[in-house]
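Here is how the chains run, residue by residue.
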Amino acid sequence: MNMFKKILTSLRFLGFSQSLLTLLSTLKRDFTAWRYRSPKNKQPKQKPGPLRSTSITSHGRTFEFTHASLEIHFLKPDLVCLTWRPGKKSPPYAVTDQGWPQVPIKTQQTVQGGYALSSEDLRIIISSYGEITFLDLEGETIRTELPPRKIGPSWEHDAVLAEEERIHGLGEKAAPLNLRAANPEGEWATFEIRNQDIGGHYESGDDPLYLNVPLYISRMGDKGYLVFYENPFRGTFTFDHPNQQTNPKARASFQGGMLRYYFTFGSLPHLIQRYTELTGRPPLPPAWSLGYHQSRWGYKTTDAVQDVLNGFEEHDLPLSAIHLDIDYMRGYRIFTVDQERYPDLSHLADRLHEQKIHLVTIIDPGVKKDNDYFLFQEGLEGNYFCTLPNGKPVTAQVWPGWCAFPDFSHPETRAWWGSQYQKLLEKGVDGFWHDMNEPAAFTAWGEPTLPLPTQYRLEGLGGDHKQVNNLYGLLMNKAGCEGLMEHQPEKRPWLLSRSGWAGNQRYAWNWTGDVNTSWETLRQTLTTMLNLGLSGIPYTGSDIGGFGGHPSPELFTRWFQLAAFTPFFRGHSATGTPRREPWIYGEPYTSIVREFLNLRYQLLPYLYTLAWKSHQTGHPLMRPLFWSYGNDPTMADVTDQYLLGEDLLVVPIMEENQTTKQVALPPGEWISYWDDTAHQGPQKIKLEVSLEKIPLFVRAGCVLPTAAGETLHFHLYPPTKLSTGAVKSDLYQDAGDGYGPRRLDQFYLERNSRGIHLTREEMGKYPFPHQSLSLHIHTSDLFSGAKIDGVEVEMKENKLQTEPFQDAVFVFQK
């Protein structure tokens with residue numbers, strides 16, 4: 001029944017004739033799979049067998065077992081790559097090319113006939129039959145792996161789980177933050193690693209979704225380990241529930257390829273820093289992308305867009321970007337513009353730019369099969385499309401009808417595709433939205449993607465859809481990003497993508513796709529975004545109010561309040577649904593939305609600084625409480641609130657008609673953003689809540705930068721007790737785009753017996769862009785005076801105006 005419901009949902013947007021073509025496309029896919037099917041021979045599970053020999057390498061050691069070989073390669077003292085062979089090779093798309101320095105390794109033979117490899121941080125014991133144990137230098141076991149099993153071309157890999165281990169990651173999952181808690185009535189939780197279009201809407205428990213990453217973090221307290229399987233083949237991860245199994249395990253299985261994985265351990269920030277050192281750090285985005293984006297499938301004409309712009313102006317709502325869905329194209333042909341609906345896209349872009357609004361257009365991978373269409377002809381002539389085993393281009397039904405699909409695993413295809421963006425850049429388009437790139441195809445049943453026998457170049461190695469399905473979105477994003485960098489080298493590329501894989505953070509942002517409209521999915525959206533951040537994907541957001549439904553005014557408002565504190569902030573909805581621009585619900589909702597929109601723009605200096613920090617470290621902007629406070633057991637399973645950077649604690653309201661909220665305050669002092677009330681953590685406090693506000697707290701000791709017009713405001717939140725040392729806060733600034741000079745200002749805030757002391761240190765060549773500064777101290781303390789760089793200044797109601805300074809002192813009244 002659930003499958004029948006999903007089929008109806010996926011077809012309801014298509015119309016009768018398109019539904020018939022979808023049925024035909026599905027039959028064609030199934031016939032292709034049958035025609036090129038491989039013989040199914042049941043294969044026994046085969047373990048590596050006894051160890052036969054071993055040899056030293058420049059970065060570790062190789063081990064030859066009877067039925068498999070193992071290579072251990074130290075990249076850092078606490079980061080190691082392990083590869084079990086045999087297995088089909090895949091290009092290292094996820095991993096950045098770095099000349100890892102040689103790591104000193106000590107090797108010892110164990111009494112049982114195995115070996116121990118030790119770096120300055122890590123000890124790995126390899127048994128004589130293939131069991132592997134990772135230990136720290138104190139001899140404490142971090143992870144134990146059983147000998148892997150080969151089943152034909154597939155691999156299975158088990159690791160022992162402790163009862164208290166919590167599991168996070170795997171990319172985009174409609175699951176609890178602790179993945180072991182999924183399927184609570186069963187003995188284990190199972191997740192597929194297979195990118196797919198979910199068909200118009202999804203709810204909690206639906207799996208798989210659009211962007212999967214074969215990475216998980218095992219956490220106990222404030223430390224744990226990370227395992228990333230560099231295997232793009234379709235896979236499955238299973239985690240036994242605590243107390244449900246005698247010997248609980250985590251299992252990773254893949255349908256093909258080598259069993260190559262990377263292991264590191266430490267705190268959560270360290271794990272993500274190491275992982276993104278391996279797979280690449282997210283680039284610094286253009287500053288405009290952190291503002292509000294408005295979108296809808298259904299802005300069919302220039303006049304429709306102008307009406308939306310007029311609405312934002314009329315209701316005094318800020319806006320940074322307008323997104324055009326597939327309606328702007330000529331018959332859904334990629335890289336074209338419908339001259340009747342959008343007769344002068346360049347003029348529209350110019351009008352937007354005059355208002356500091358940016359234009360984003362959608363791009364799908366499906367190329368319409370049309371002999372008069374330039375892109376299809378170029379693709380045929382250049383042999384750029386995916387093919388069947390007989391060499392003919394594979395075709396499937398998508399929005400334009402029958403489509404061919406670029407083979408992004410071929411460098412010449414990526415260069416050809418990347419060159420196409422210039423057509424829209426010349427018309428003033430600022431960013432691009434990659435959709436349907438799982439890749440998706442219209443089907444009446446089964447997997448909504450290309451036939452599994454579809455062939456790819458794979459950098460000359462060759463492969464089929466089982467191997468490239470998960471890579472397709474990543475490689476499309478790579479092609480687009482590299483094309484934008486080539487054609488606009490003076491600007492930072494901005495891409496949004498529904499699909500991707502490990503390393504996607506190097507190329508594109510993400511959103512959570514076609515989430516259903518309900519209070520349950522609002523709650524699910526938060527945990528999905530947090531798990532994406534713990535999978536190395538720092539920039540994500542959701543369709544405010546859900547994609548295909550009609551949220552109540554309260555649900556829309558609560559979703560909007562959450563979205564105002566997420567990296568990607570966009571309103572989007574499906575065609576055929578009631579309009580959902582921020583003013584649609586009228587008062588009091590429009591005023592509430594306006595306040596949170598304005599707050600988002602005020603916080604842009606803080607968010608831009610977080611973006612710069614993510615570029616340096618790979619850390620997500622949204623973080624679960626245990627990210628910074630994992631050693632406090634009360635923070636271990638908090639899933640309904642989160643940290644935005646180090647200094648903001650966000651508590652969204654995600655229950656209907658909720659009037660009170662229990663808030664888990666982390667250790668330290670936290671100050672209410674709304675009324676400056678100070679609370680000491682760790683503790684749980686019960687607050688009354690209204691529709692107009694959500695609980696929002698600032699970490700005591702920080703300097704929170706905000707912007708209002710041309711003035712930069714520094715909000716000082718000194719602790720109520722004497723400081724044990726100055727607390728550092730950062731402010732990153734540059735031109736907002738491009739690769740010119742930049743600056744970093746570091747602030748040190750301290751409370752002593754005489755007053756509050758603030759110092760500023762500056763680095764970088766970018767001139768300080770603000771001549772007017774405001775300092776506002778959020779405290780109940782009374783002051784007798786203030787000095788800026790030794791000169792007395794007037795202060796009223798704990799506020800003062802000043803020019804750029806190095807030292808500020810605020811003296812308590814005696």
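Report on the accompanying structure. (Residues numbered from 1 in each chain as written. Predicted model: local features only at pLDDT ≥ 70, side-chain atom pairs only at ≥ 80, totals over all residues. Heavy atoms only, no water.)

**Re the pairing of strand β18 (residues 259-267)**
So, point 1. Taking burial as the measure, the nine residues of β18 include eight buried ones, the bulk of the element.
So, point 2. Across six bridges, the pairing between strand β4 (residues 79-85) and β18 is antiparallel. If you follow Trp84 over to β18, its bridge partner there is Leu259.
So, point 3. Strand direction decides the pairing type here: strand β15 (residues 223-229) and β18, joined by seven bridges, are antiparallel. Bridge pairing in β18 links Leu226 to Thr264. (Buried < 20%, exposed > 50% of the residue type's maximum accessible area, 1.4 Å probe, protein only. Helix = DSSP H or I, 4+ residues; strand = E, 2+ residues; numbered from the N terminus. Pairing = 2+ DSSP bridges.)

**A closer look at a nonpolar patch on the surface**
So, point 1. A cluster of nonpolar residues, Leu23, Leu27 and Trp445, forms a patch on the protein surface that exposes about 260 Å² of accessible area.
So, point 2. With respect to the helices and strands, Leu23 occurs in helix α2 (residues 16-35). (Patch = residues over 30% accessible without salt bridge, like charges linked within 9 Å, V, L, I, M, F, W, Y side chains within 5 Å. Areas by Shrake-Rupley, 256 points an atom, 1.4 Å probe, with all protein chains shown as cover. Salt bridge = Lys/Arg side-chain N within 4 Å of Asp/Glu carboxyl O.)

**Description of the packing of helix α7 (residues 411-425) against helix α9 (residues 472-487)**
So, point 1. Direction vectors running N to C along α7 and α9 enclose 55°, while the axes themselves pass 8 Å from each other. What the angle tells us is that α7 and α9 run oblique. Along this stretch, α7 crosses α9, giving a crossing that reads as right-handed. Residue-level inspection shows Arg414, Trp417, Gly418, Ser419, Tyr421, Gln422 and Leu425 of α7 in contact with α9, the latter providing Leu475, Met476, Lys478, Ala479, Gly480, Gly483, Leu484 and His487.
So, point 2. Looking at the contact of α7 with α9 residue by residue, the class counts come to seven nonpolar, six polar and two charged. (Axes fitted to C-alpha atoms, helices over the stretch in contact; angles between N-to-C directions. Parallel < 35°, antiparallel > 145°, perpendicular 65-115°, else oblique. Left-handed = near helix turned anticlockwise from the far one by under 90°. Contact = heavy atoms within 4.5 Å. Nonpolar A, V, L, I, M, F, W, Y, C, P; charged D, E, K, R; others polar.)

**Structural notes on the sheet that holds strand β22 (residues 367-368)**
So, point 1. In spatial order, the strands read β22-β24-β23; together these three strands make up an open sheet with antiparallel pairing. Only two strands of the sheet have a single neighbouring strand rather than two, namely β22 and β23 (395-398).
So, point 2. Relative to strand β24 (residues 401-404), β22 is paired through two bridges, and the arrangement is antiparallel. Note that in β24 the partner of Val367 across the bridge is Ala404.

**Here we look at the state of the cysteines**
By definition, a disulfide is the covalent link that joins the sulfur atoms of two cysteine residues.
So, point 1. Within the structure shown, the criterion is met by zero disulfides.
So, point 2. As a non-bridged cysteine, Cys386 has Cys403 as the owner of its nearest cysteine sulfur, 12 Å distant. (Disulfide = S-S within 2.5 Å.)

**Focus on helix α4 (residues 302-314)**
So, point 1. Compared with the 18 Å implied by 1.5 Å per residue over 13 residues, the 18 Å span of α4 between its first and last C-alpha is a close match.
So, point 2. Taken as a whole, α4 has its buried residues at Thr302, Ala304, Val305, Val308, Leu309, Gly311 and Phe312.
So, point 3. Against β19 (292-294), β20 (321-324) and α5 (345-354) lie the buried residues of α4.
So, point 4. Positive backbone phi, approximately 55°, marks Asp316, located one or two places after α4. (Expected span 1.5 Å × (residues − 1).)

**Focus: the layout of surface pockets**
So, point 1. Computed from the structure, the largest pocket encloses a volume of approximately 1400 Å³.
So, point 2. What lines the largest pocket is a set of 45 residues, and nearest its centre among them are Ala287, Trp288, Lys356, Tyr601 and Leu604.
So, point 3. Elements that contribute at least two residues to the lining of the largest pocket include exactly α4, α12 (589-602), α13 (604-617), β37 (703-708) and β39 (727-734).
So, point 4. A per-element tally of the lining of the largest pocket places β39 first, with four residues. (1 Å grid on protein atoms, 1.4 Å probe; cavity = no way out; pocket = protein on both sides within 12 Å on 5 of 7 lines; lining within 4 Å. Points joined across faces, edges and corners; volume = space filled by probe spheres on them.)

Purely geometric stuff here, so don't read any function into it on its own.
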